[in-house]
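The residues making up each chain are set out below.
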Amino acid sequence: MKIFKIVAVLLVILFLFLELFIFNSSKLSEQNRPLVSVSTFALYDITKHIAEESVEVLNIIPFGTDPHSFELTPKIMVKIEKSSVTFYSGAGLEPWIDKIHSKAPRVDMSQYVNLHELDADAHSSHAHHHEANENAHESTLDPHYWLDFKNMAAVTKKTTSELEKLSPKNKELYRANRDKYIKMLIQLDAEYTKQLRSCEIRNVIINHNSLSYLANNYSFEAESLSGLSPEAQPSPSDIEHILKEIKKDKVETIFYENFINAKVMHSISKDSNVGAEVFSPLGNITADQADANATYESLMLENLEKLTKAMKCH
Ligand SMILES: [Zn+2]
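For the structure given in this document, a descriptive report is provided here. (Residues numbered from 1 in each chain as written. Predicted model: local features only at pLDDT ≥ 70, side-chain atom pairs only at ≥ 80, totals over all residues. Heavy atoms only, no water.)

Another aspect to go through is the packing of aromatic side chains. Scanning all chains against the criterion turns up nine aromatic pairs. Here the aromatic rings of Phe-149 and Tyr-296 are separated by 6.3 Å at their centres, their planes lie at 90 degrees, and the arrangement is edge-to-face. On the criterion of sequence distance, the pair formed by Phe-149 in helix 6 (residues 149-166) and Tyr-296 in helix 12 (residues 296-310) is long-range, its members being 147 residues apart. Assessed through its relative accessible area of 4%, Phe-149 is described here as buried. Overall, Tyr-296 belongs to the buried group, its relative accessible area being 0%. (Phe/Tyr/Trp six-rings, centres within 6.5 Å; stacked < 30°, edge-to-face > 60°. Helix = DSSP H or I, 4+ residues; strand = E, 2+ residues; numbered from the N terminus. Buried < 20%, exposed > 50% of the residue type's maximum accessible area, 1.4 Å probe, protein only.)

Moving on to the pattern of salt bridges. Scanning the model with the defined rule gives eleven salt bridges in all. For Lys-158, the salt bridge identified is with Glu-162, shortest N-O distance 3.1 Å. Residue Lys-158 and its partner Glu-162 are both found in helix 6; the two are separated by four residues, about one turn of the helix. Of the two residues, Lys-158 and Glu-162, neither departs from the other in class, the shared state being buried. (Salt bridge = Lys/Arg side-chain N within 4 Å of Asp/Glu carboxyl O.)

Moving on, we get to the coordination of the zinc ion. Bound to the zinc ion on the protein side are His-68 (NE2), His-144 (NE2) and His-208 (NE2), at distances that span 1.9 to 2.1 Å. Expressed as a motif, the donor residue spacing for the zinc ion is H-x75-H-x63-H. Here His-144, found in the loop between helix 5 (127-133) and helix 6, pairs with His-208, found in the loop between strand 5 (203-206) and helix 8 (212-217); they are 64 residues apart in sequence, far enough to count as distant. On the basis of relative accessible area, His-144 is assigned to the buried category, the value being 1%. On the basis of relative accessibility, which here comes to 2%, the residue His-208 falls in the buried class. (Donors = N, O, S within 2.8 Å, 3.2 Å for Na, K, Ca; no water.)

Turning next to unusual backbone geometry. The phi angle at Ala-91 is positive, at roughly 55 degrees, despite the residue not being glycine. With relative accessibility at 10%, the residue Ala-91 sits in the buried group. At Leu-282, a residue that is not glycine, the phi angle is positive and equals roughly 70 degrees. Locating Leu-282 in the fold gives a position in the loop between strand 8 (275-279) and helix 11 (287-291).

These results come straight from atomic positions and should not be treated as a statement about function.
Quick look at the structure:
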């Protein structure tokens, strides 16, 4: 009997040791997860889907903040400098990136995609805005390339190969997740193609110039009130231009985006008796969308639903 008791006690001790060991090691690996910094919601969504919990993702621009007018704080700077790699969107979206001093690699994702020049029309009619208020955008490249699904697939591939360098042991997981994510993007493209094929209205009006990639890919026109900066103050002639566009193309719904003072768009919608809807340009998302675990996929499907209604597609 005595020997059984001893064995039982020893087993319990062994079990406790094992548990302690497993608990500690999982806690340790939690602490040792590499930190990956990202600058836009699109990059955040890709990195989360590819890496899952294998890395810690630092979202540089807090949810609910406009990526065009974001400025670095010393606190965020310190955090970014601790990360193993930083993924940023590029094409002029993050003029603050050069302020970061760290030996860790920074990946400019715009190097791996097809960039468009800004739409010539929108650019010339709103050029004064770019010069006056848009020192954030040095080039005439349109930075909203994440609204193009092929570009998103290219960024997904680059993200995957960078994560593999960071954590080779997770290679299989990353590649499987990459393939899933790219499949999702192909399905989104197919949905957009299908649903926007036959529409009565082919002019979409929005407060800031974020739609050129979608407009190009799905053959509609996009007119914007102000140029690239959602905060640019539109002039009376800008407003007049939009009012004319609404009339000319019998537009029934105009779009405004999060992070802006929607006042002007609302007064245009009232004056011309058309609806006003929110469009998510996905440079960033709102705090509410973050709380609701919104993803690139869910928000692009929401955007599509709103576009098909506004454009009267069937
Ligand atoms: Zn934008």
